[in-house]
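Residue-level listing of the chains:
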Amino acid sequence: MEITRQKFLIVAASALLIPQVEVAFASSRVISRLPASKTKRFAWTVDDGASTSALGSYLNIAERGEHHMTLFVTSGYSSWRTHSKQIRKLVAEGKIQLGNHTVNHKDLSTLSATEIKKQLLGCHKFMLEEYGYDARPYYRPPYGNSNTQVRSVAAELGYTVSTMWYGSLGDTYGVPEARVIEFANKWILDEHIVIDHSNKIKTHRALEQIQHIAKSRGLRSVTLTEAFGKDFK
Ligand SMILES: [Zn+2]
């Protein structure tokens, strides 16, 4: 008891020696589902972009306007440049939203603060230059791996919303069509943020089925900003 008290006094005393400096403190949050709403909706989020044709197939679905998507950009992949024109158009039409998914898809939880900053800022600058788009506050740490340092560095850059998911279409690098449909059946539900990947082209049937499942459940995909509002941070 006495030791605890002594420790407390030492801490209290040293705290007084700390000069009063203004510390930029940015809070952050982690989301994995959408807020409740009277409208039935889910968020179809699509990451990476390793395959130019796969990314193209998602953009074409978004183009039709029935399902709005949030695309998490890994700026090191050339597909984001190849589709630049269409992306700018869909952003302007409010059919897609972009989020930061770093430059090289490294596991941020293994990097130094400087490296984390480089990964997020590199992607941020790419989107600004290529699309004139500021993706803040939404980012998704690759593999969903994060820690206090990652969240703190991201928040200092204005990326305060770490976007996780509530269900995956399970195809980081391709799974059979039947599995995609099985996952879609399991996870495309009201308020869910569903993660998907544009790394390998899906069959036409798989993509049609995803949309069919949503429709048959009266669900429409919305962007994160449509769900959370434009003032969300
Ligand atoms: Zn990813």
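Moving on, we get to the overall build of the chain. Within the chain one finds nine helices and eight strands. Out of the 233 residues in the chain, the part that is buried amounts to 47%. Across the chain, contacts joining residues at least 24 apart in sequence account for 81% of those joining residues at least 6 apart.

On to the pattern of salt bridges, then. Between side chains of opposite charge, a pair can form as their charged atoms come close. Applying the stated criterion to the full structure yields ten salt bridges. The partner of Glu63 in a salt bridge is Lys89, and the shortest N-O contact between them spans 2.3 Å. Note that Glu63 is positioned in helix H2 (residues 52–64) and Lys89 in helix H4 (residues 84–92), a separation of 26 residues in sequence. A salt bridge links Arg205 to Glu177; its shortest N-O distance comes to 2.7 Å. With Arg205 in helix H8 (residues 204–216) and Glu177 in helix H7 (residues 177–187), the pair connects residues that are 28 residues apart, well separated along the chain. The exposure class of Arg205 is partly exposed, given its relative accessible area of 47%. Through salt bridges that share partners, Glu63, Lys89, Glu93 and Lys95 make up one connected network.

Buried together is how nonpolar side chains tend to be arranged in soluble globular proteins. Counting 47 residues, the largest nonpolar core has Trp44, Met69, Leu71, Ile96, Leu98, Met127 and Ile188 as the members making the most contacts within it. In terms of residues, this core owes the most to one element, helix H5 (residues 113–131), which gives six residues. If sequence neighbours within four positions are ignored, Met69 has contacts with Trp44, Val46, Tyr58, Ile61, Ala62, Lys95, Ile96, Gln97 and Thr223. Of all hydrophobic cores here, the second largest spans twelve residues; its members include Ile31, Val161, Ala227 and Phe232.

Now for the environment of Thr52. For Thr52, the position within the fold is in helix H2. Thr52 gets classed as partly exposed once you look at its relative accessible area, which sits at 30%. Taking the C-alpha atoms as reference, Thr52 lies 8.6 Å from Tyr77; in sequence the two are 25 residues apart.

By secondary structure assignment, the location of Ser28 is in the loop between helix H1 (2–17) and strand S1 (29–31). Linking Ser28 and Gly158, residues 130 residues apart in sequence, is a C-alpha distance of 9.1 Å. Among residues more than four places away in sequence, those in contact with Ser28 are Arg151, Ala155 and Thr160.

The rules we used
Residues numbered from 1 in each chain as written. Predicted model: local features only at pLDDT ≥ 70, side-chain atom pairs only at ≥ 80, totals over all residues. Heavy atoms only, no water. Helix = DSSP H or I, 4+ residues; strand = E, 2+ residues; numbered from the N terminus. Buried < 20%, exposed > 50% of the residue type's maximum accessible area, 1.4 Å probe, protein only. Contact = heavy atoms within 4.5 Å. Salt bridge = Lys/Arg side-chain N within 4 Å of Asp/Glu carboxyl O. Core = buried A, V, L, I, M, F, W, Y, C linked by side-chain atoms within 4.5 Å.

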